[in-house]
4 protein chains.
Amino acid sequence: MRPGPRRKDARRNQQALLDAAATVFVASGVEAPVRDIAAEAGVGMGTIYRHFPTRADLIVAVYRHQVDACAEAGPALLASSRTPYAALEQWIDQFVDFLVTKHGLAGVLQSDNSGFEALHAYFLDRLVPVCGELLDAAVESGEVRRDLADLGGLQLMRGVGNLCVGASNDPSYDARRLVAVLIAGLRRPAG
Amino acid sequence: MRPGPRRKDARRNQQALLDAAATVFVASGVEAPVRDIAAEAGVGMGTIYRHFPTRADLIVAVYRHQVDACAEAGPALLASSRTPYAALEQWIDQFVDFLVTKHGLAGVLQSDNSGFEALHAYFLDRLVPVCGELLDAAVESGEVRRDLADLGGLQLMRGVGNLCVGASNDPSYDARRLVAVLIAGLRRPAG
Amino acid sequence: MRPGPRRKDARRNQQALLDAAATVFVASGVEAPVRDIAAEAGVGMGTIYRHFPTRADLIVAVYRHQVDACAEAGPALLASSRTPYAALEQWIDQFVDFLVTKHGLAGVLQSDNSGFEALHAYFLDRLVPVCGELLDAAVESGEVRRDLADLGGLQLMRGVGNLCVGASNDPSYDARRLVAVLIAGLRRPAG
Amino acid sequence: MRPGPRRKDARRNQQALLDAAATVFVASGVEAPVRDIAAEAGVGMGTIYRHFPTRADLIVAVYRHQVDACAEAGPALLASSRTPYAALEQWIDQFVDFLVTKHGLAGVLQSDNSGFEALHAYFLDRLVPVCGELLDAAVESGEVRRDLADLGGLQLMRGVGNLCVGASNDPSYDARRLVAVLIAGLRRPAG
DNA sequence: AATGAATGAGCATTCATTCAT
DNA sequence: AATGAATGAATGCTCATTCAT
């Protein structure tokens, strides 16, 4: 599936674009100029527009594999972990790993800039349900405070995502640690 | 201190600019075009540059009073609250109130965009020590986990700030609630 | 003559292109993007360039039949009409009918845009002599002012063509009526 | 009136732009790239946008004087000419003189391209009523065919304008002569 | 001191034309 | 022969910043 374009050169270019975009996104953020990405890929600008009509399409394509992997990890963790809360912790860890290595991605995810709707849509469609299920399960198991049952996967993810904004730039900011605190804050106080 | 410019008209302009910037920042975010701010203030663009050479200077000036108030609230809360943790909670509340009413401010605070260094510097110089003291006191009092003693005021503030990114735009995102969860996560598990 | 390409599929494509171009020309004008025409025809863009190296070639080919019909109508009308002037009137009518139903064609005909030379050439080669003969005959018959004998078929045709510019778009502009006035202006004042 | 910008350099630039635009319009038509006009004027592109936010604004400004002169000539000619038809003839002559010296202007006037609405509006607002009055007067005087009473100033002007399309490029095309034929066609056949 | 006109780099986007497949 | 992917010049437009007035 997803065989991509038929022609060999087109496939090669598409891959070159994905690689180039990933590189440039890391260096300059996901809002880097189209020209830069084209140059990095060694293709003309038109080629980007052919393969990825909007910037969001490109971003989605660049991160699709990782988003999919993250989405699929949710049920697996729920099945294999000791408790639902442990599964949630691990899943969030994975999500954070993903975000902090993507310069500026967290920022764009929060952006209300129209034109990123496809991006939002993809991330949310794939991940919010997974996150929501893990959260619900952890509420059911009594590990997470009942009053947070209505927080929802979306808000939790946005919170986690926000905590990761800017994390790639500044080594003094430890997004993982803060996320861990946030997740700890979900817990029902013992005793 | 800070007597401002000598001439009366210059002082008047400075105030007009601060008011105008505050208005425009709310409406269009802190990255609004310089021209818009000048127009709102009824002055020329050159005047902005004279008074506030960089955008960060303007932002700092616009929010100086509120930042100062926030800074001064820290010791007061520590003195008046039942416990250091309660003081920390209240102080964070106040900080969040400040951020979520400033469209885009939280975003700029995280931005690694050079040119906002003065802004970062001011916020951090004023608020980080206060936040750090509250956190330390709450660690000392045993309310906050000892292993978070080295988290530091800066990281905590950045975390809180990040959670507020985009909160002004989207009513479905409740930054205050997520911050509350984060602060709850600082607590030593009871029992 | 004009047997077209040897291979059957090439001939089929050529016809598909002519049909597609006619359709797209009506919808979007004769300067429509090549890609659109190719898409309408269901062929690749390269195929257009193979069959019709320049846009003008394509336009000429699309309208060849009608231009030819118009050219052939001239002598016929001259033979069958009551007077040469009547023949001229009818022939111009036919020419106008042709132009006003071709969105943008009249405009391109006037365009000095190099690249349309082939188009100009074809139209003029075929039609100017016909128009000229009709005009001459009407001068000879005394119906048209003698001082217009040297106007020539070319100028008359360009005038008529110009009067048709934009006629397809705007229903409030009645090209036929204005052309009729122009042709009436050729007449020798009675009495 | 119309003193233009206050500052001397701004006035100088505005005039430079009008001159440059007139020059470039003649050389490359009224759709010439903004960059070219700016270069010809020796100013930055932003300066064009400041003075003339849309292309139509620039075109109108370039030709305003001449359009106004043309509009004002109508009543004067009606008063001074021997007959209304003679006034119409002379007025049309003046209008044609204007158009044929403006490369591409006649074309744009016919263009249905949105973005030229301001241009259309100005030309039509100023000239159509004048043309209409002259036409009406010539109908009243019995010089022009009564059945053309409802032709209207707009259609007549569009016809004349169309006859001028491309006249600047091609010396073999005599727009003035064809317009004269058209106007002759308005006449009531003598006898 | 204030003004706001001018600058021009920067960016997105389109589309005719070429040429590898 | 056909395809359609790739190219990249061309163009419009914005806005931070400078500087003549």
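From a predicted model like this one, the values you see are computed outputs, not experimental measurements.

Caption draft 1: Region of interest: the pattern of salt bridges. All names here are of chain A. Taken as a whole and judged by the stated rule, the model has 24 salt bridges over all chains. The salt bridge involving arginine 126 is made with glutamate 72; its shortest N-O contact spans 3.9 Å. Taken together, the positions of arginine 126 in helix α7 (residues 117-140) and glutamate 72 in helix α4 (residues 55-80) put the pair 54 residues apart, joining distant regions of the chain. Here arginine 146 makes a salt bridge to glutamate 140, at a shortest N to O gap of 3.1 Å.

Caption draft 2: Region of the structure containing the relation of the copies chain A and chain B. The operation relating chain A to chain B is a screw motion whose rotation component is 177°, with 0.1 Å of axial translation and a residual RMSD of 0.5 Å. The superposition operator between the copies reduces to a two-fold rotation axis. It is glycine 185 of chain A whose C-alpha, among those of chain A, lies nearest the rotation axis, at 1.5 Å. When you check the interface residues of chain A against chain B, 96% turn up at the interface there too, and the contact is symmetric in its surfaces.

Caption draft 3: Structural detail: the UniProt feature "domain: HTH tetR-type" (unreviewed entry) in chain A. Here the UniProt-annotated "domain: HTH tetR-type" (unreviewed entry) positions come out as residues 11-70 of chain A. As annotated, residues 11-70 of chain A has a helix share of 82% and a strand share of 0%, and its two end C-alpha atoms lie 25 Å apart.

Caption draft 4: Quick peek at the protein's contact with DNA strand F. Surrounding DNA strand F, one finds 37 residues, the nearest of these being Asn13, Gly44, Thr47 and Arg50 of chain A together with Thr47 of chain C. Sugar plus phosphate: this is where 57% of the atoms of DNA strand F within 4 Å of the protein reside. Measuring from a phosphate oxygen of DNA strand F, one finds a side-chain N or O atom of threonine 47 of chain A at 2.7 Å. Within the contact set of DNA strand F, a base nitrogen lies 3.2 Å away from a backbone nitrogen or oxygen of methionine 45 of chain C. For the surface near DNA strand F, the residue count by class is 14 nonpolar, 11 polar and 12 charged.

Caption draft 5: Focus on the interface of chain A and chain B. Each partner contributes to the interface: chain A provides 28 residues, whereas chain B provides 27 residues. Linking chain A with chain B are two salt bridges. Our count for the contact surface shared by chain A and chain B stands at 12 residue pairs in polar contact (both at pLDDT 80 or more). Of all the elements in the fold, those that place two or more residues in the side of chain A that touches chain B are α8 (152-163) and α9 (175-186) of chain A.

Caption draft 6: View of the domain arrangement of chain A. Residues and elements named next belong to chain A. Assigned domains of chain A: these are domain 1 (1-53) and domain 2 (62-186). Computed from C-alpha coordinates alone, the two centres of domain 1 and domain 2 are separated by 27 Å. Counting from both sides, the interface comprises 11 residues of domain 1 and, opposite them, 10 residues of domain 2. For the pair domain 1 and domain 2, the summed buried area comes to about 760 Å², and 67% of that belongs to carbon and sulfur atoms. Joining domain 1 to domain 2, the criterion identifies zero salt bridges. For the pair domain 1 and domain 2, the number of links is zero residue pairs in polar contact (both at pLDDT 80 or more). Taken together, the residues that form the side of domain 1 that touches domain 2 break down as seven nonpolar, two polar and two charged.

Caption draft 7: Spotlight on the UniProt feature "DNA-binding region" (unreviewed entry) in chain A. UniProt annotation of "DNA-binding region" (unreviewed entry) refers to residues 33-52 of chain A when read in the numbering used here. With 75% helix and 0% strand, residues 33-52 of chain A has end C-alpha atoms that lie 14 Å from one another.

Caption draft 8: Layout of the packing of aromatic side chains. The full count for this structure, using the stated rule, is 16 aromatic pairs over all chains. Geometrically, the ring pair formed by tyrosine 63 of chain A and phenylalanine 98 of chain A is edge-to-face, given 5.7 Å between the ring centres and 75° between the ring planes. Taken together, the positions of tyrosine 63 of chain A in helix α4 and phenylalanine 98 of chain A in helix α5 (residues 84-100) put the pair 35 residues apart, joining distant regions of the chain. Each member of the pair, tyrosine 63 of chain A as well as phenylalanine 98 of chain A, carries the same accessibility label: buried. Here phenylalanine 98 of chain C and phenylalanine 123 of chain C contribute two aromatic rings whose centre-to-centre distance is 6.1 Å and whose plane-to-plane angle is 15°, an arrangement assigned as stacked. Residue phenylalanine 98 of chain C is found in helix α5 (residues 84-100), and its partner phenylalanine 123 of chain C is found in helix α7 (residues 117-140); the two are separated by 25 residues along the sequence. Take phenylalanine 98 of chain C and phenylalanine 123 of chain C: they sit in the same class, and that class is buried. Among the aromatic residues, ring-to-ring pairing joins Phe25, Tyr63, Phe98 and Phe123 of chain A into one connected group. Lying over the aromatic face of tyrosine 173 of chain B, arginine 158 of chain A brings its terminal NZ or CZ to 4.4 Å of the ring centre.

Caption draft 9: How the structure looks around the protein's contact with DNA strand E. Near DNA strand E you find 38 residues, and of these Arg55 of chain A, Thr47 of chain B together with Asn13, Gly44 and Arg50 of chain D are the closest. One of the backbone N or O atoms of valine 34 of chain C is found 3.2 Å from a phosphate oxygen in DNA strand E. Broken down by secondary-structure element, the contributors of at least two residues to the surface near DNA strand E are α2 (34-41) and α3 (45-51) of chain A, α1 (8-28) and α3 (45-51) of chain B, α2 (34-41) and α3 (45-51) of chain C together with α1 (8-28) and α3 (45-51) of chain D. For the surface near DNA strand E, a count of residues per class yields 14 nonpolar, 11 polar and 13 charged.

Caption draft 10: Region of the structure containing the packing of helix α5 (residues 84-100) of chain D against helix α7 (residues 117-140) of chain D. Residues and elements named next belong to chain D. At a minimum axis distance of 8 Å, the contact between α5 and α7 shows a crossing angle of 155°. Looking at the two axes, α5 sits roughly antiparallel to α7. Crossing angle aside, the handedness with which α5 passes α7 is left-handed. Across from Pro84, Tyr85, Ala87, Leu88, Trp91, Phe95 and Phe98 in α5, the residues of α7 making contact are Phe123, Leu127, Val130, Cys131, Leu134, Leu135, Ala137 and Ala138. Each residue belonging to the contact of α5 with α7 can be placed in one class, and the counts come to 15 nonpolar, no polar and no charged.

Caption draft 11: Representation of the state of the cysteines. Residues and elements named next belong to chain A. Applying the stated criterion across every chain, the model contains zero disulfides over all chains. Distance from the sulfur of cysteine 131, which forms no disulfide, to the nearest cysteine sulfur (cysteine 70) is 9.2 Å. On the accessibility criterion, cysteine 131 (0% relative accessible area) is buried.

Caption draft 12: Focus on the environment of aspartate 150 of chain D. Mapped onto the secondary structure, aspartate 150 of chain D falls in the loop between α7 and α8 (152-163). Distance from aspartate 150 of chain D to valine 165 of chain D, taken between C-alpha atoms, is 24 Å for residues 15 residues apart in sequence. A polar atom in the side chain of aspartate 150 of chain D sits 2.6 Å from the side chain of arginine 177 of chain C.

Caption draft 13: The arrangement of the side chain of threonine 83 of chain B in detail. Residue and element names in this part refer to chain B. Relative to the assigned elements, threonine 83 resides in the loop between α4 (55-80) and α5 (84-100). Residue threonine 83 is classed as buried on the basis of its relative accessible area of 18%. Only 3.1 Å separates the side chain of threonine 83 from the backbone nitrogen of alanine 86, close enough to count as a polar contact. A polar atom in the side chain of threonine 83 sits 2.5 Å from the side chain of glutamate 143.

Caption draft 14: Main features of helix α1 (residues 8-28) of chain C. Residues and elements named next belong to chain C. Helix length check: α1, at 21 residues, gives a terminal C-alpha distance of 30 Å against a target of 30 Å (1.5 Å per residue), a fit within 8%. The set of residues buried in α1 consists of Ala10, Gln14, Leu17, Leu18, Ala20, Ala21, Val24 and Phe25. Structurally, α1 contributes buried residues whose contacts are with α2, α3 and α4 (55-80). At the C-terminal side of α1, glycine 29 shows a positive phi close to 90°.

Conventions used here
- Residues numbered from 1 in each chain as written.
- Chains lettered and ligands numbered in written order.
- Predicted model: local features only at pLDDT ≥ 70, side-chain atom pairs only at ≥ 80, totals over all residues.
- Heavy atoms only, no water.
- Salt bridge = Lys/Arg side-chain N within 4 Å of Asp/Glu carboxyl O.
- Helix = DSSP H or I, 4+ residues; strand = E, 2+ residues; numbered from the N terminus.
- Least-squares fit on C-alpha atoms with pLDDT ≥ 70 in both.
- Contact = heavy atoms within 4.5 Å.
- UniProt positions renumbered as here; feature names shortened; annotations may be inferred.
- Near = heavy atom within 4 Å.
- Polar contact = N/O pair within 3.5 Å; in protein donor to acceptor, adjacent residues only side chain to side chain.
- Nonpolar A, V, L, I, M, F, W, Y, C, P; charged D, E, K, R; others polar.
- Domains from an automatic or database assignment.
- Buried area = accessible area lost by both parts, 1.4 Å probe.
- Phe/Tyr/Trp six-rings, centres within 6.5 Å; stacked < 30°, edge-to-face > 60°.
- Buried < 20%, exposed > 50% of the residue type's maximum accessible area, 1.4 Å probe, protein only.
- Lys NZ or Arg CZ within 6 Å of the ring centre and 35° of its normal.
- Axes fitted to C-alpha atoms, helices over the stretch in contact; angles between N-to-C directions.
- Parallel < 35°, antiparallel > 145°, perpendicular 65-115°, else oblique.
- Left-handed = near helix turned anticlockwise from the far one by under 90°.
- Disulfide = S-S within 2.5 Å.
- Expected span 1.5 Å × (residues − 1).

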